[in-house]
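Secondary and tertiary structure notes
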Amino acid sequence: MMQATMGQNQGVESRVEDIIMTEPSPFDFLPEDCISKIISFTSPRDACVAASVSKTFESAVKSDIVWEKFLPPEYSSLIPRSRAFSSKKELYFALCDDPVLIEEGKKSFWLEKASGKRCIMLSSKEVWITWGSSPQYWRWVSVPESRFEKIAELLSVCWFEIRAGMHTRYLSPGTRYSVYIVFKTEDGCPGLGDIPVEAGVGLVGQESSQKLIYFVGPSGRRRDRERRDVTRPKEREDGWMEAELGELYNESCCDDISVSVVETKSPYWKRGLIIQGFEFRPAKTQ
């Protein structure tokens, strides 16, 4: 009896969906390019939802008029020469799924899929590292899973200081961004992994947000000394780790950003950290 009822319900739901897709909408009487133009003023997520309204909308959403509006103005310079795209929609999702190297391979660029907002990762080659040019303290290595040709590996330092800067023109205006350091550790990152590290993020000339992060966090017997006000890192889908350094609001794309990660209070020597770069993504809560 229950199975029969469930089957009936599924049949009703299917017929309702067919009605929704076939019932004419007032917009269906508009020219398709007009509908495409209207949808282009929404967002990629809204466009995908609109495609389920009717067959007319589904066709209008496929138009290049819609997806070209979601692409950045300089999109033509971001197209890989080795690839050809059949539509602007295909290109849009390629820029979401496959980050593109820009600025001579020092930055990685992609789009957030739901909103079309810009995302950027600065290579560790693009940041300032104290003693970074001294081979006894740091070395530059090639890691197959990294986006960049060379990234920084910490060999041994007592004074740990990294600072990064970038102009807000690389980011989407009117958007709040979260900033992350993307890294891997070896052997628990001795002398640094379980120590609170000072992080700062802000616009130059304005007060920066300050917080503390762990690269690993206390473990074993030291776990009882873990501080609740220190942010632990999280594992990413690509196998790297990331720690959120702070947030900033990009209002008009005419400012400079300052980012710092510093640990100079501990007397212990530090090693076992591989830094891919600093990543800027739209904050989850806008």
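Note: the structure precedes this text.
A brief report on the enclosed structure follows. Note that this is a predicted model, so its numbers are computed, not measured.

**What about the overall build of the chain?**
Scanning the chain from N- to C-terminus turns up 6 helices and 15 strands. Taking the intrachain contacts of the chain between residues at least 6 apart in sequence as the baseline, contacts between residues at least 24 apart amount to 66%.

**Observations regarding the pattern of salt bridges**
All chains considered together, the criterion is met by 19 salt bridges. Note that D97 and K113 form a salt bridge whose closest N and O atoms lie 2.9 Å from each other. Placement of D97 in helix α6 (residues 88-97) and of K113 in the loop between β2 (107-111) and β3 (118-123) is noted, with a sequence separation of 16 residues between them. A residue is classified by how much of its surface remains accessible, and D97, at 45% relative accessible area, is partly exposed. Close ionic contact of E247 with R176 constitutes a salt bridge, the shortest N to O distance being 3.9 Å. Here R176 lies in strand β8 (residues 175-185) and E247 lies in strand β13 (residues 241-250), a separation of 71 residues in the sequence. Put simply, R236, D238, E242, E279 and R281 are held in one network by salt bridges that share partners.

**Observations regarding helix α2 (residues 32-39)**
Among the residues of α2, I35, S36 and I39 are the ones counted as buried. Taken end-on, α2 shows its buried residues confined to a sector of 100°, consistent with a single buried face. Packed against the buried residues of α2 are α3 (44-50), α4 (55-61) and α5 (64-70).

**Re the nonpolar core**
One finds F160, I181, F215, L245, F278 and F280 to be the most contacted residues of the largest nonpolar core, which totals 60 residues. Counting residues per element, this core draws most heavily on α6, which supplies 5 residues. Both domains that meet at this core, namely domain 1 (32-98) and domain 2 (102-110 + 114-282), each give it at least three residues. Contact partners of L245, with chain neighbours within four places excluded, come to V179, Y180, I181, A199, V201, K211, I213, V259, V261 and F278. The next biggest cluster of nonpolar side chains, apart from the first, holds 10 residues, and it includes V141, I151, V182 and I274.

**Some remarks on the pairing of β2**
Counting buried residues in β2 gives 5 out of 5 residues, a clear majority hidden from the surface. Of the two faces of β2, both are covered, the one formed by K107, F109 and L111 as well as the one formed by S108 and W110. As defined by bridge partners, strand β1 (residues 100-102) adjoins β2 across 3 bridges and the pair is classed as antiparallel. Note that in β2 the partner of I102 across the bridge is K107.

**Concerning the sheet that holds strand β9 (residues 197-203)**
As summarised here, the arrangement of the 6 strands in space is β4-β7-β14-β9-β10-β11, forming an open sheet in which the pairing is mixed. Sheet topology places β4 (128-129) and β11 (230-231) at the edges, where each strand pairs with a single neighbour. Relative to β11, strand β10 (residues 209-213) is paired through 2 bridges, and the arrangement is parallel. Within β11, the residue paired with L212 across the bridge is V230.

**Examining the layout of surface pockets**
Roughly 660 Å³ of internal volume is contained in the largest pocket. Lining of the largest pocket is provided by 21 residues; of these, W110, R236, E237, E279 and R281 occupy positions nearest its centre. At the level of secondary structure, the elements contributing two or more residues to the lining of the largest pocket comprise α6, β2, β12 (234-235) and β15 (273-282). No other element matches β15, which puts 3 residues into the lining of the largest pocket. Here the residues of the lining of the largest pocket are counted per class, giving 7 nonpolar, no polar and 14 charged. The residues that make up the lining of the largest pocket include at least three from each of domain 1 (32-98) and domain 2 (102-110 + 114-282).

**Quick notes on the side chain of S266**
Along the chain, S266 falls in the loop between β14 (256-263) and β15. The exposure class assigned to S266 is buried, which follows from its relative accessible area of 11%. Setting aside residues up to four positions removed in sequence, S266 forms contacts with C158, G191 and I195.

**Let's talk about the packing of aromatic side chains**
In total, this model carries 9 aromatic pairs according to the counting rule given. Relative to F93, the ring of W67 has its centre 5.3 Å away and its plane inclined at 50°; by these criteria the two rings are tilted. Of this pair, W67 sits in helix α5 while F93 sits in helix α6; the two residues are 26 residues apart in sequence, bridging distant segments of the chain. Aromatic ring contacts, followed pair by pair, group W67, F70, Y92 and F93 into a single cluster. Sitting over the face of the ring of W110, R147 holds its NZ or CZ atom 4.5 Å from the ring centroid.

**Some remarks on the state of the cysteines**
For the coordinates displayed, the defined rule picks out 0 disulfides. There is no disulfide at C48, and the cysteine sulfur nearest it, in C96, is 9.7 Å away.

Definitions and cut-offs
- Residues numbered from 1 in each chain as written.
- Predicted model: local features only at pLDDT ≥ 70, side-chain atom pairs only at ≥ 80, totals over all residues.
- Heavy atoms only, no water.
- Helix = DSSP H or I, 4+ residues; strand = E, 2+ residues; numbered from the N terminus.
- Contact = heavy atoms within 4.5 Å.
- Salt bridge = Lys/Arg side-chain N within 4 Å of Asp/Glu carboxyl O.
- Buried < 20%, exposed > 50% of the residue type's maximum accessible area, 1.4 Å probe, protein only.
- Arc of directions from axis to C-beta.
- Core = buried A, V, L, I, M, F, W, Y, C linked by side-chain atoms within 4.5 Å.
- Domains from an automatic or database assignment.
- Pairing = 2+ DSSP bridges.
- 1 Å grid on protein atoms, 1.4 Å probe; cavity = no way out; pocket = protein on both sides within 12 Å on 5 of 7 lines; lining within 4 Å.
- Points joined across faces, edges and corners; volume = space filled by probe spheres on them.
- Nonpolar A, V, L, I, M, F, W, Y, C, P; charged D, E, K, R; others polar.
- Phe/Tyr/Trp six-rings, centres within 6.5 Å; stacked < 30°, edge-to-face > 60°.
- Lys NZ or Arg CZ within 6 Å of the ring centre and 35° of its normal.
- Disulfide = S-S within 2.5 Å.

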